[in-house]
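Observations on chain architecture
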Amino acid sequence: MLRAFGALPTEARARNMRDRDYLWCLTHMVLDREEELERLCPSCRTQVQQGLCPGCGRPIQSLEGGVNPNFDPARFAALKEGDMT
């Protein structure tokens, strides 16, 4: 949040902010982003929303990250149900 406003955490304006101020700023940043997207044509909107690699600029398949090959969905389901065996 502070990076978007070019403020350091030690500055008085940052130290004086309360939780509600951060929430207000974040809410309006999200609303501003939605307004920017609404102004674009569907093709450009899709392109802007597509995740790109910051290094090479190629599209990223998933914004959530890669697939963890060590993840065991069956074990996860069992642990979720409380089965600790």
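A quick note: this is a predicted structure, and the numbers were derived from the prediction, not measured.

A short note on the overall build of the protein
Helix and strand counts for the protein come out as five helices and zero strands. Mapped from its N terminus to its C terminus, the protein presents α and β elements in the order α-α-α-α-α. A compact globule built from 85 residues would reach a C-alpha radius of gyration of about 12 Å, whereas the protein, at 20 Å, exceeds it by more than 25%. Residues classed as buried in the protein amount to 7% of the 85 residues present. Residue pairs in contact within the protein that sit at least 24 positions apart in sequence constitute 14% of those at least 6 positions apart. Between the centroid of the 11 positive side chains of the protein and the centroid of its 12 negative side chains there is a distance of 6 Å.

Concerning the environment of methionine 1
As for its placement among the helices and strands, methionine 1 is situated in the segment before helix 1 (2-5). Assessed through its relative accessible area of 31%, methionine 1 is described here as partly exposed. The spacing of methionine 1 and arginine 58 is 57 residues in sequence and 27 Å in space, taken between C-alpha atoms.

Side note on the confidence of the model for the protein
Per-residue confidence for the protein averages 85 on the pLDDT scale, and 92% of its residues sit at or above 70. At the level of individual helices and strands, the protein shows its lowest average pLDDT in helix 1, which scores 82, and its highest in helix 3 (residues 19-38), which scores 93.

Calculation rules
- Position numbers for residues count from 1 along each chain, tracking the sequence in the order it is written.
- Thresholds applied to this predicted model are a pLDDT of at least 70 for local features of residues and 80 or more for the giving and counting of side-chain atom pairs; totals over whole chains, interfaces and linings are not thresholded and use all residues.
- Side-chain measures were taken over the full set of non-hydrogen atoms in the model, leaving aside hydrogen atoms and water.
- Segments assigned H or I by DSSP are reported as helices when at least four residues long, segments assigned E as strands when at least two residues long, and all are numbered from the N terminus.
- Our radius of gyration is a C-alpha quantity, and the globule rule it is checked against amounts to 2.2 Å times the number of residues to the power 0.38.
- For the exposure calls, accessible area comes from a 1.4 Å probe over protein chains only, and a residue counts as buried if that area is under 20% of its type's maximum, exposed if over 50%, partly exposed in between.
- A contact between two residues is defined here by any heavy atoms of the two lying within 4.5 Å.
- When charges are counted, Lys and Arg contribute as positive and Asp and Glu as negative, whereas His and the chain ends are disregarded.
- Lys charges are placed at NZ, Arg charges at CZ, Asp charges at CG and Glu charges at CD.
- How sure the predictor is of each residue is captured by pLDDT, a score from 0 to 100.

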